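Chain residues, written in single-letter form:
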Amino acid sequence: MNVEKVHRYPRHFTVTIEILSAITVLLATALLGRDLLRLLWSTYTLDTALFARFPWLTDLVLLISDANTPPPSGLADLLPALGWMALALATALLLRNSMPTVRTSARGMLVAFVNDWLPVPWENICAIKVTESGDRYVLLVETDRGWLTGWHRWYSFIYRLGFRPAFLITSQISDFDELVKTLLSEADRAARTLATARRIELQEDASSPLFRLLLSPTAFFTQRAPRRDAPSAAADISGDVVIGQYPRRIRATLTWTAALIAGAAILRYLTLALTFLAITFPWVRSLPIIDQLDLRLLPAPWWLLIEAHIVLLFLIGVASVIYHALPTVEARSEGLIVHRLRGRTLVPWSRLRVMKVTEFSETSQIVLIQVAGGLPLDTRFVSMVYDGSLSPGILITSAIGNADALLQRIALEAMRYHEATDDTATAPFQSDARSDLLLLSVQSSRAVNHLVEELRNDPDTQGFTTRRFLRLLPTALGLATFPALILFADRSFVQHILPDGRLLGAIVVMLLLALLEWPLVSLAAVALDEMSGSSEDGMRPLYLYPQTQQPRLFLMLAALIALLLGAQPLAALIWLGAIGWSFWLAAGLWSALYDWRGGQLIGGGLIPVAFQLLLLIGYLVVRV
């Protein structure tokens, strides 16, 4: 190789990383600046001479002062803010250099790092590990010691808990295929020339669970496991028993997510309980840990105990739903055995009612098995997420071991029961009973196009029909409920204010305002379409908009969980993320329904964003 080649990432990709890094450092700087100003104001007298000339300074000082928390009394009180600042700087450094520019030549590579280049000879490449999802790839290139920095060990640790110096390459980089071929050929040539006998190959069996999840959540949970990742002999077929067990990556992800939520819930419960003790019994305030709590005068301290139990029960329920979302399943002669945290639950074959299938691709499917009772309460939330029903359900994805044999056995038993009972009201196997919520969450364009096509096949949807409007009312209420729930949780479980008539009135107002988003955004889209000279679809946006906005419920639930854990800034950021997702979903709907492009499409997508931003601003104003 005699020609030097430079491989860069697209401008929009690098700009996004730069903006995220800048926001991270800016937030940490604002936190440190706030604490530093409060320390100076508490140590020295605040000069108010400029307040008369600049009235906005008064509001700024009041905002920074934050009377609910005591100001820092010394330099030691600045340590938390300094710690967040150090973490933000380290995060920004790693993030900005996570996707470096790479230059290749006959002697080796130059890897960009902090506005400089790090040389890596071809013979010092140790391994190339690959994570694949469809046509997207993430490569981890490991090198010998001494060529990269100590910071590069973090990329190996994040990839798969390794500790070798390494850097990342993704398929977004220019001429990705050519770069991979160059890496393999030049490293092999250097090994033969120097007789090191260290042949470099793509290690496809060393994939990263984290990057596999980020590349495609759908494939992570539903794609069939390769032989090397398949469950062990415990998932084999023996006699009339079929055992299906998920790969380790799925079990570990669900287990650790549920454990983190449960652990945070217990910590929040203990914090609220200790705060109640400190307010009720002043003599305990000097005890370790309790003396670090944020104590304030509350009108009803006993409410702390009630909210502690409510928060604990809710979050433990969420953790249980996540942990049992994809259980190990056994098909036996007596019925279906579902593995749970506390033992196993037998569901007789006679209780099976229906199997519903959502297909993402030829190798990725999700099956919901609904039964007539016999399962705990949290299994009803599985059906609620799938299609809004409340029947107990079991989710099975195509990633489970022995998926074909297991699903065939369950389908056979379900059909056998229906034939024995002459039950013709409901088909036991419904291949067209897809989950719009799941499809919209991971394949929004395909799902929106399908919904639009279905609606256009019904000419009555051009006008207003009460029956279809009422059918969509629960979906719209679900979207409108979360802003009201967040307002209630903030006032009652974060600010510890006992619910009263004023709070209930504010919740009702927030619910009604959020509910107005449905007709206002839909009618605004109809008006814009008529202004452009086309009104063929009539009132169809009214029936499509709430359906296509369902995926943002996941982020709003995450915001509610963060708020119950006391992380108000994180909850606000997640809410902003949900608003951004609503733009993407609305733009996809207008593109499929009206074929809008360019500025018209952006303007149509910004209509729900503007409305939801007003709701968010209203919530922030009310909470202050």
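Residues numbered from 1 in each chain as written. Predicted model: local features only at pLDDT ≥ 70, side-chain atom pairs only at ≥ 80, totals over all residues. Heavy atoms only, no water.

Draft legend 1. Examining unusual backbone geometry more closely. Unusually for a residue other than glycine, Val114 sits at a positive phi of about 50°. By the element assignment, Val114 lies in the loop between strand E3 (108-113) and strand E4 (116-121). Taking relative accessible area as the criterion, Val114 reaches 40% and is therefore assigned partly exposed. Its identity as a non-glycine residue notwithstanding, Asp175 has a phi of 50°, on the positive side. Counting through the fold element by element, Asp175 comes out in the loop between strand E7 (166-170) and helix H5 (176-194). Under the relative-accessibility criterion, Asp175 is labelled partly exposed at 39%. (Helix = DSSP H or I, 4+ residues; strand = E, 2+ residues; numbered from the N terminus. Buried < 20%, exposed > 50% of the residue type's maximum accessible area, 1.4 Å probe, protein only.)

Draft legend 2. The pairing of strand E15 (residues 364-371), seen in detail. The element E15 is largely enclosed, with a buried count of 8 among its 8 residues. Burial of E15 is two-sided: the residues Ser364, Ile366, Leu368 and Gln370 facing one way and the residues Gln365, Val367, Ile369 and Val371 facing the other way are all buried. Strand direction decides the pairing type here: strand E14 (residues 352-361) and E15, joined by 8 bridges, are antiparallel. Its bridge partner lying in E15, Val357 is registered against Val367. Hairpin connection, E14 to E15: the antiparallel pair is bridged by 2 residues. (Pairing = 2+ DSSP bridges.)

Draft legend 3. Up close: the sheet that holds E15. Pairing is mixed across the open sheet formed by 4 strands, whose spatial order is E16-E15-E14-E17. This sheet does not close on itself; its edge strands, each paired only once, are strand E16 (393-397) and strand E17 (429-430). Across the sheet, helix H10 (residues 379-387) touches E14, E15 and E16, and the angle it forms with E15 is around 130°. (Contact = heavy atoms within 4.5 Å. Axes fitted to C-alpha atoms, helices over the stretch in contact; angles between N-to-C directions.)

Draft legend 4. Molecular detail of the sheet that holds strand E6 (residues 136-143). In spatial order, the strands read E7-E6-E5-E8; together these 4 strands make up an open sheet with mixed pairing. If you trace the sheet from one side to the other, it starts and ends with E7 and strand E8 (202-203), each paired once. Strand direction decides the pairing type here: strand E5 (residues 125-133) and E6, joined by 8 bridges, are antiparallel. Bridging across to E6, Ile128 finds its partner in Val141. With respect to the sheet, helix H4 (residues 153-160) is in contact with E5, E6 and E7, its orientation differing from that of E6 by roughly 130°.

Draft legend 5. Highlighting the packing of helix H13 (residues 444-456) against helix H19 (residues 568-594). In the contact formed by H13 and H19, the axes pass within 9 Å of each other and the chain directions differ by 45°. By the criterion of interaxial angle, the relationship of H13 to H19 is oblique. Seen along the crossing, H13 lies across H19 with a hand that is right-handed. For the pair formed by H13 and H19, the contact residues are Ser444, Val448, Asn449, Val452 and Arg456 on the first element and Trp584, Leu585, Gly588, Leu589, Ala592 and Leu593 on the second. Among the residues forming the contact of H13 with H19, the class breakdown is 7 nonpolar, 3 polar and 1 charged. (Parallel < 35°, antiparallel > 145°, perpendicular 65-115°, else oblique. Left-handed = near helix turned anticlockwise from the far one by under 90°. Nonpolar A, V, L, I, M, F, W, Y, C, P; charged D, E, K, R; others polar.)

Draft legend 6. Representation of empty space enclosed by the protein within the structure. For the coordinates displayed, the defined rule picks out 4 cavities of 30 Å³ or more. For the lining of the largest cavity, the secondary-structure elements that each account for two or more residues are helix H14 (466-494), helix H18 (552-564) and helix H20 (598-623). In terms of residue count, H14 provides more of the lining of the largest cavity than any other element does, 4 residues in total. Of the residues assigned to the lining of the largest cavity, the class counts are 9 nonpolar, 1 polar and 2 charged. (1 Å grid on protein atoms, 1.4 Å probe; cavity = no way out; pocket = protein on both sides within 12 Å on 5 of 7 lines; lining within 4 Å. Points joined across faces, edges and corners; volume = space filled by probe spheres on them.)

Draft legend 7. Here's a closer look at H4. Where H4 is concerned, the buried positions are Tyr155, Ser156 and Tyr159. Summarising the axial view, the buried residues of H4 lie within an arc of 100°, below the 170-degree limit, and thus occupy one face. In this structure, the buried side of H4 is in contact with helix H3 (79-96), E5, E6, E7 and helix H6 (209-215). Just past H4, the residue Leu161 takes up positive phi, approximately 55°. (Arc of directions from axis to C-beta.)

Draft legend 8. Quick look at the pattern of salt bridges. Tallied over the entire structure, the rule returns 18 salt bridges. The closest approach of N and O atoms between Lys5 and Asp175, which form a salt bridge, is 3.0 Å. Of the two residues, Lys5 sits in strand E1 (residues 5-7) while Asp175 sits in the loop between E7 and H5, which places them 170 residues apart along the sequence. A salt bridge links Lys356 to Asp387; the shortest N-O distance between them is 2.5 Å. Within this pair, whereas Lys356 is found in strand E14, its partner Asp387 is found in helix H10, the two being separated by 31 residues in sequence. Residue Asp387 is classed as partly exposed on the basis of its relative accessible area of 33%. (Salt bridge = Lys/Arg side-chain N within 4 Å of Asp/Glu carboxyl O.)

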